[in-house]
Amino acid sequence: MKLKMVRAFYCVVLLTFTINVNATGENVYRFLKMPYYAKLAGLGGSNVSAQANDVNQIYYNPALFPSSLHQSISLSYVNYLADANGGMVSYAYCPDSLNCFGFNFVFIGYGDMEGYDTRAFNLGQFSAGDFAWNLTYARYLGANLKVGLSLKPVYSHIDTYGSFGLAFGVGANYYHPDWNFSASMVVSDFGVKFTDYYDGQGKERLPWNMQIGLSKGLSHAPFRFSVTYNYLNRWNFDYEKAVRTNSLYDDENNISGGDMFFRHLVFGVEALVSKYFHVDLAYNHRRNREYGLPNARGINGFSFGAGFKVYKFNLDAAFAKYAPSGGTFTLSLSSSIDYFKKQRNEE
């Protein structure tokens, strides 16, 4: 069984490189990359290695799935930019200490908008939204190594027009509790958009992301540090240069190699004050450079979060600064069905 899982893992990783050969849809289903739960939002929107024991994390790394999450359930709400609002529902089931199955449902709505025809005649209001269902399976291959696979159907609509796609993910996590060290590699959201909002556009491949992440907790202090490198499969984020010819591009706007390197990185630190309270702080350099104004970046790219455990519930909240004019707020509430079953049995 272990040998089959290892072979499946490497086959899926190899498949990602094959898919990328003719990748075209750089902006297809970008909502899949958003942080939909508070812990991740507080850690900069990208972290695939921190052992947070949070059922939501399996959406972003299917291998970050300890059996202690059995019967865990979570609800999250995201107040995004402008009138966009989204959320996540998560559930985990582990029949034994080696195997786990998980489910996530994410959604985001963009509010009501006014529709007009080509003659500027008002057609009334319409809405738009995106949805994804994530099914995960994870298994231990040893005492410290776990791998996971995910299947993600995707649906998006604008007014009466819809689009359907399918994405896959694979992840591996090595965790050594004695060292308080965790390392992960994840390939997420590779797949195909099968149908588009209108006829004739055809299929498009999804923009996938290969990530590596490291987390290390201190032995004699309640701090855990994380760093995540995003898009190992892609180096250039210089969008301006990509759409201009060499003769029109201003060299003064050229992104240096060091700046480009740090745009791939997200740094996070957690203050694990006790098992009932924690504080998160992170910095996302890409957000700072891309969302900020040249002379007004401020705290763009920084995010803050905190979590409490009250009775049988975990409550997490986070604020992430995207631009000078605003940011996002995320709230998550989680618990375990097993807690209530044990209480009922004791009564």
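Definitions and cut-offs
- Residues numbered from 1 in each chain as written.
- Predicted model: local features only at pLDDT ≥ 70, side-chain atom pairs only at ≥ 80, totals over all residues.
- Heavy atoms only, no water.
- Helix = DSSP H or I, 4+ residues; strand = E, 2+ residues; numbered from the N terminus.
- Buried < 20%, exposed > 50% of the residue type's maximum accessible area, 1.4 Å probe, protein only.
- Contact = heavy atoms within 4.5 Å.
- Areas by Shrake-Rupley, 256 points an atom, 1.4 Å probe, with all protein chains shown as cover.
- Pairing = 2+ DSSP bridges.
- Core = buried A, V, L, I, M, F, W, Y, C linked by side-chain atoms within 4.5 Å.
- pLDDT = per-residue confidence, 0-100.
- Phe/Tyr/Trp six-rings, centres within 6.5 Å; stacked < 30°, edge-to-face > 60°.
- Salt bridge = Lys/Arg side-chain N within 4 Å of Asp/Glu carboxyl O.

Participant: Hey, could you run me through the overall build of the protein chain in this one?
Facilitator: A tally of helices and strands in the protein chain yields 6 helices and 15 strands. Looking at the 347 residues of the protein chain, the share that counts as buried comes to 47%. Partitioning the contacts of the protein chain with sequence separation of at least 6, the portion at a separation of at least 24 is 55%. Accessible surface computed for the protein chain: about 17,600 Å², of which carbon and sulfur atoms make up 61%.

Participant: I tried to follow the pairing of strand S15 (residues 326-336) on my own but got confused; where do I start?
Facilitator: Consecutive side chains along a regular strand alternate between the two faces of the sheet. Two elements, strand S1 (residues 72-79) and S15, share 8 bridges in a ladder whose sense is antiparallel. Among the inter-strand pairings, valine 78 is bridged to a residue of S15, identified as threonine 330. Between strand S14 (residues 313-323) and S15, which pair antiparallel and follow one another directly, the connecting turn spans 2 residues.

Participant: Can you walk me through the nonpolar core in this structure?
Facilitator: It is characteristic of soluble globular proteins that their nonpolar side chains tend to be buried jointly. If you look at the biggest cluster of nonpolar residues, it comprises 22 residues, and the most contacted ones within it are Phe31, Leu32 and Tyr36. Mapped onto this core, the elements with two or more residues apiece are strand S3 (99-116) and S14. Residues within four places of phenylalanine 31 in sequence aside, it is in contact with Tyr36, Val106, Ile108, Tyr110, Asp130, Phe131, Ala132 and Val154. Phe65, Leu69, Ala92 and Cys100 belong to the second largest nonpolar core, which has 8 residues in total.

Participant: Teacher, can you tell me more about the confidence of the model for the protein chain here?
Facilitator: Fine structural detail should not be taken from predicted coordinates in areas where pLDDT scores are low. Per-residue pLDDT for the protein chain averages 86, and the proportion of residues at 70 or more is 85%. Note that residues 1-24 has pLDDT below 50 and, in this model, 30 contacts with residues that lie over four places away or in other chains.

Participant: Would you take a moment to explain the packing of aromatic side chains for this structure?
Facilitator: Applying the stated rule across the entire model yields 19 aromatic pairs. Judged by centre distance (6.4 Å) and plane angle (80°), the rings of tyrosine 36 and tyrosine 59 are edge-to-face. With tyrosine 36 in the loop between helix H1 (2-20) and helix H2 (38-42) and tyrosine 59 in the loop between H2 and S1, the pair connects residues that are 23 residues apart, well separated along the chain. A residue is classified by how much of its surface remains accessible, and tyrosine 36, at 0% relative accessible area, is buried. When the ring of tyrosine 59 is compared with that of tyrosine 60, the centres are 4.7 Å apart and the planes differ by 75°; the resulting orientation is edge-to-face. Judged by relative accessible area, which is 4%, tyrosine 59 ranks as buried.

Participant: Just to check I follow, could you spell out the pattern of salt bridges for this structure?
Facilitator: Two side chains with opposite charge may pair up if their charged atoms get near one another. Enumeration according to the criterion identifies 11 salt bridges in this entry. For the salt bridge of aspartate 189 with lysine 33, the shortest nitrogen-to-oxygen distance reads 3.5 Å. Remark: lysine 33 occurs in the loop between H1 and H2 and aspartate 189 occurs in strand S7 (residues 181-195); sequence separation between them is 156 residues. The class for lysine 33 is partly exposed, based on a relative accessible area of 21%. In this structure, lysine 193 engages glutamate 204 in a salt bridge whose closest nitrogen and oxygen atoms are separated by 2.6 Å. In this pair, lysine 193 is assigned in strand S7 and glutamate 204 in strand S8 (residues 204-205), connecting sequence segments 11 residues apart. Overall, glutamate 204 belongs to the buried group, its relative accessible area being 17%. Linked by salt bridges that have partners in common, Lys39, Arg224, Glu270 and Asp280 make up one network.

Participant: Help me understand unusual backbone geometry in this model?
Facilitator: The phi angle of most residues is negative, glycine excepted, and most peptide bonds adopt the trans form. Phi is positive for aspartate 159, which is not a glycine, with a value near 60°. Secondary-structure assignment places aspartate 159 in the loop between strand S5 (145-158) and strand S6 (161-176). For aspartate 159, a relative accessible area of 42% gives the class partly exposed. One non-glycine residue, tyrosine 231, lies in positive phi territory at about 60°. Here tyrosine 231 lies in the loop between strand S10 (223-229) and helix H3 (239-243).

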